[in-house]
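Architecture at a glance
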Amino acid sequence: MSDSHDTTDTTGNKYLQQGYQGRPRNVVLYGESGVGKSSLINLIMGHDAAKTSPDALACTTTHAPYDVTISGQHFRLWDTAGLNEGSEGTVPAVMAERNLTAFLRGLNQEDGVHLLIYCVRGTRATKALQTHYKIFSAVIRDSKVPTIIVVTCLEDFRPVMAEWWNENKDELATYGMQFSGYACVTTLKDEPTESPDIHQRHAQSYNDVCRSILDHCSQTPHKTWGTDTIKDQRSFLAILLQKLARFVGGAHRDQDALKASLS
């Protein structure tokens, strides 16, 4: 471990951000709408860079990049639009699917993917977490792409946030969900009026998620599709339509429009 890994500021946050070095590695956050992907990005960035929403509807309508340096290493965090909002959210299902297709196509043509972060709420039943995991597992078929799970909304979990993982890791494995690493966090803002316990948990969350990114982000980029780009993109689209049809409610599914976007 280098000396920079041990740097700590006055708030207890390690991994102080310094100057960018080299090309960024792509870290893609995914998960249900409203699980706190944007809030997690703000936690890592150390300020309100991504727009957040107080309710369960997603506020991310595109796949937005956020550049950050952790211990001198440059990462590009991608906040992806939720896929399960239905007709009531700010991102219609057909638009979310089209945007995600274009987003992954763009990463494939450029630097690929170095790390996937599956964001989930600690209050969600573990079996219900399978859907998004399986979608991305089917799309990102290169098994070498590391995936970590970040569990949010654990500010009230006792005795410590990391205990969530100890209590649920075996059940996750029985549902076929495998992860290279994990972080159990709260993404509540570190306001001066918060309790000492929340201040401590906020600092611990920042340190744990940064440590997990540093430990598991691949040095080698992995592509989202194989060499037959057109065929693989259509396969990706078919997978999305099949999987999402089971839980995207109330949205009119314009498959012809989606197919036209790939032609």
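All of the points below concern the structure found in this document.

Calculation rules
- Residues numbered from 1 in each chain as written.
- Predicted model: local features only at pLDDT ≥ 70, side-chain atom pairs only at ≥ 80, totals over all residues.
- Heavy atoms only, no water.
- Helix = DSSP H or I, 4+ residues; strand = E, 2+ residues; numbered from the N terminus.
- Areas by Shrake-Rupley, 256 points an atom, 1.4 Å probe, with all protein chains shown as cover.
- Buried < 20%, exposed > 50% of the residue type's maximum accessible area, 1.4 Å probe, protein only.
- Pairing = 2+ DSSP bridges.
- Phe/Tyr/Trp six-rings, centres within 6.5 Å; stacked < 30°, edge-to-face > 60°.
- Core = buried A, V, L, I, M, F, W, Y, C linked by side-chain atoms within 4.5 Å.
- Contact = heavy atoms within 4.5 Å.
- Polar contact = N/O pair within 3.5 Å; in protein donor to acceptor, adjacent residues only side chain to side chain.
- Salt bridge = Lys/Arg side-chain N within 4 Å of Asp/Glu carboxyl O.
- Axes fitted to C-alpha atoms, helices over the stretch in contact; angles between N-to-C directions.

Some details on the overall build of the protein
Helix and strand content of the protein: 7 helices and 6 strands. Tracing the protein from N to C terminus, the helices and strands come up as β-α-β-β-α-β-α-β-α-β-α-α-α. Surface accessibility of the protein: about 12,200 Å² in total, with carbon and sulfur atoms responsible for 48%.

Things to note about the pairing of strand β2 (residues 64–70)
Consecutive side chains along a regular strand alternate between the two faces of the sheet. Counting buried positions along β2 yields 5 of 7 residues, so the element is predominantly enclosed. Sheet topology note: the β2/strand β3 (residues 73–79) ladder contains 7 bridges and is antiparallel. Note on β3: the bridge partner recorded for Pro-65 is Trp-78. In this antiparallel pair of consecutive strands, β2 and β3, the connection spans 2 residues, and Ser-71 shows a positive phi of 50°.

Some points on the packing of aromatic side chains
Under the defined criterion, the tally for this structure stands at 5 aromatic pairs. A ring pair is formed by Tyr-30 and Tyr-118, whose centres lie 4.9 Å apart and whose planes are at 15°; its orientation type is stacked. Note that Tyr-30 is positioned in strand β1 (residues 25–30) and Tyr-118 in strand β4 (residues 115–121), a separation of 88 residues in sequence. Ring-pair connections join several aromatic residues into one group, and the members of that group are Tyr-30, Tyr-118, Tyr-133 and Phe-179.

Some thoughts on the nonpolar core
By size, the foremost hydrophobic cluster in this structure holds 28 residues, and its most contacted members are Leu-40, Ile-117 and Ile-213. Elements that contribute at least two residues to this core include exactly β1, α1 (37–45), β2, β3, β4, β5 (147–152) and α5 (196–216). The contact partners of Ile-117, leaving out residues within four places of it in the chain, are Val-27, Val-28, Leu-29, Tyr-30, Leu-40, Ile-148, Val-150 and Ile-213. Among the nonpolar cores identified, the runner-up in size contains 26 residues, and Trp-78, Phe-103, Phe-136 and Phe-157 belong to it.

Thoughts on the side chain of His-114
Here His-114 shows up in the loop between α2 (93–109) and β4. Here Asn-26 takes part through its backbone nitrogen, which lies 2.9 Å from a polar atom of the side chain of His-114. Residues contacting His-114, with those up to four places away along its chain left out, are Pro-24, Arg-25, Asn-26, Pro-146, Cys-217, Ser-218, Gln-219, Thr-220 and Pro-221.

A word on the pattern of salt bridges
One pass over the structure, following the stated rule, counts 7 salt bridges. For the salt bridge of Asp-111 with Arg-23, the shortest nitrogen-to-oxygen distance reads 2.6 Å. Here Asp-111, found in the loop between α2 and β4, pairs with Arg-23, found in the segment before β1; they are 88 residues apart in sequence, far enough to count as distant. Among the salt bridges present, the one from Arg-76 reaches Asp-67, with a minimum N-O distance of 2.6 Å. Its relative accessible area of 25% is what places Arg-76 among the partly exposed residues. Taking relative accessible area as the criterion, Asp-67 reaches 23% and is therefore assigned partly exposed. What you see here is one network of salt bridges that share partners, running through Arg-158, Asp-197 and Arg-201.

Focus: the sheet that holds β3
Spatially, 6 strands are ordered β2-β3-β1-β4-β5-β6 in an open sheet, and the strand pairing comes out mixed. A strand with exactly one partner marks an edge of an open sheet, and here the two such strands are β2 and β6 (181–184). Averaged over all neighbouring strand pairs, the angle between strand axes comes to 25°, with direction disregarded. Pairing of β5 with β6, which is carried by 4 bridges, proceeds in the parallel orientation. Bridged to Val-150 within β6 is Ala-183.

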